[in-house]
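Each chain, written out:
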Amino acid sequence: MRIPKPKIRELIEAIKALIKGPYTSKFPKITHKPHPNFRGQPIYNDEKCVGCLACVQVCPVEALGYEDSASPENPKRKLHHYTDTCIFCGQCETACIADREGIKLSNDWELSFFDRKEASESIEKELQLCEVCADIITCKDHLKWIAEKIGELAFSNPTLYLSRLKSLGIVDENIVSALKDYGRSDRTKIVCARCRRETTLTTKEYEANKK
Ligand code: SF4
Ligand code: SF4
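Residues numbered from 1 in each chain as written. Chains lettered and ligands numbered in written order. Predicted model: local features only at pLDDT ≥ 70, side-chain atom pairs only at ≥ 80, totals over all residues.

## Some thoughts on helix 5 (residues 158-167)
- All buried positions along helix 5 are accounted for by Thr159, Leu160, Leu162 and Ser163.
- Against strand 5 (120-129), strand 6 (136-139) and helix 4 (140-150) lie the buried residues of helix 5.
- Remark: Gly169 follows helix 5 within two positions and exhibits a positive phi of approximately 80°. (Buried ≥ 20, exposed ≤ 12 C-beta atoms within 10 Å, placed from the backbone. Helix = DSSP H or I, 4+ residues; strand = E, 2+ residues; numbered from the N terminus. Contact = placed C-beta atoms within 7 Å.)

## Focus: the site of ligand 2
- Lining the immediate environment of ligand 2, one finds 14 residues, of which Cys49, Cys52, Cys55, Cys96 and Gly102 sit closest.
- Residues of the shell around ligand 2, tallied by class, amount to twelve nonpolar, two polar and no charged. (Near = placed C-beta within 6 Å. Nonpolar A, V, L, I, M, F, W, Y, C, P; charged D, E, K, R; others polar.)

## Notes on the site of ligand 1
- The immediate surroundings of ligand 1 are formed by 13 residues, with Cys59, Cys86, Cys89, Gln91 and Cys92 found nearest.
- Across the shell around ligand 1, the residue classes tally to ten nonpolar, three polar and no charged.

## What to know about the sheet that holds strand 3 (residues 76-82)
- Ordered by their spatial adjacency, four strands build an open sheet running 2-3-5-6, and the pairing between neighbours is antiparallel. Here the strands that pair on one side only, and so sit at the sheet edges, are strand 2 (64-69) and strand 6. The mean inter-strand angle of the sheet, taken between neighbouring strand axes irrespective of direction, is 30°.
- In the sheet, strand 2 pairs with strand 3 via six bridges, with the strands oriented antiparallel. The partner of Tyr66 across the bridge, within strand 3, is Leu79.
- Each of strand 5 and strand 6 is contacted by helix 4, which is oriented at about 75° to strand 6, the strand it contacts most. (Pairing = 2+ DSSP bridges. Axes fitted to C-alpha atoms, helices over the stretch in contact; angles between N-to-C directions.)

## Observations concerning unusual backbone geometry
- Despite not being glycine, Leu53 has its phi angle at roughly 80°, a positive value.
- Structurally, the position occupied by Leu53 is in the loop between strand 1 (42-44) and helix 2 (54-58).
- A positive phi angle, close to 50°, is found at Asp99, a residue other than glycine.
- Residue position: Asp99 is located in the loop between helix 3 (91-95) and strand 4 (103-105).

## Focus on the pairing of strand 3
- Residues Arg77, Leu79 and His81 line the buried face of strand 3, whereas the alternating positions Lys76, Lys78, His80 and Tyr82 sit on a face that is not buried.
- As consecutive antiparallel partners, strand 2 and strand 3 are separated by six residues.
- With seven bridges joining them, strand 3 and strand 5 adopt antiparallel strand pairing. Paired with His81 across the strands is Glu121, a residue of strand 5.

## Observations concerning the confidence of the model for the chain
- With 89% of its residues at a pLDDT of at least 70, the chain reaches an overall mean of 87.
- Within the chain, the element-level pLDDT minimum falls on helix 6 (residues 193-210), averaging 71, and the maximum on helix 2, averaging 98. (pLDDT = per-residue confidence, 0-100.)

## With respect to the environment of Ile136
- Relative to the elements of secondary structure, Ile136 occurs in strand 6.
- Taking the number of C-beta atoms within 10 Å as the measure of exposure, Ile136 has 15 and is therefore partly exposed.
- C-alpha separation for the pair Ile136 and Val191, spaced 55 residues apart in sequence, amounts to 9.4 Å.
- Discounting chain neighbours no more than four positions away, the residues touching Ile136 are Asp68, Ala70, Leu127 and Leu129.

## Quick word on the nonpolar core
- By size, the foremost hydrophobic cluster in this structure holds 30 residues, and its most contacted members are Cys55, Cys92, Ile103, Cys130 and Val191.
- Take this core: its biggest share by element is four residues, from helix 4. (Core = buried A, V, L, I, M, F, W, Y, C linked by C-beta atoms within 7 Å.)

What follows is the structure, given as structure tokens:
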């Protein structure tokens, strides 16, 4: 029977193993350092995220979710990332409107946990409610982001320019009316699209009926 000769590569590996010892993973004694391009756990950045939900819409496996609380005292949106569902595809980062900084893949790969409830992280954003009907418009940071993005065009829409002026501290934060008025003053409030339409279409008739 003919014994096959060892190939050069195998001989080199054998000599290397004789000198350096066999290769084994040193984890967990020595922490593994992943490659800089490794796609690990996505992490929300509270400072950069504007709460627009683009990432939630593109996630292919529903590893991102949100819940809104429209309580007038503390309206807020909670954004969640579920590690146990995530496939680390990076679509959320790619779609993030905040220059891809609102949520970013990290190098975090050590994601084991005992309790499934620990497999999620959340951030909170402040919601903007309609000052006429108290419906949710979007997050305050999102309105500010749109106003900044479109610049002077924001002055064609009271919701946007008031959001911008409030964020700059030029307009009082507490100018809120929960009353359905549809008078002239409602046209210069932060209102949802439905109330904007109604205030525009009905003001004339409303003013006439009041006389
Ligand atoms: S990395 Fe992919 S799967 Fe994970 S949260 Fe982002 S979009 Fe969803
Ligand atoms: S700003 Fe980025 S991270 Fe925040 S909700 Fe929008 S897409 Fe998601």
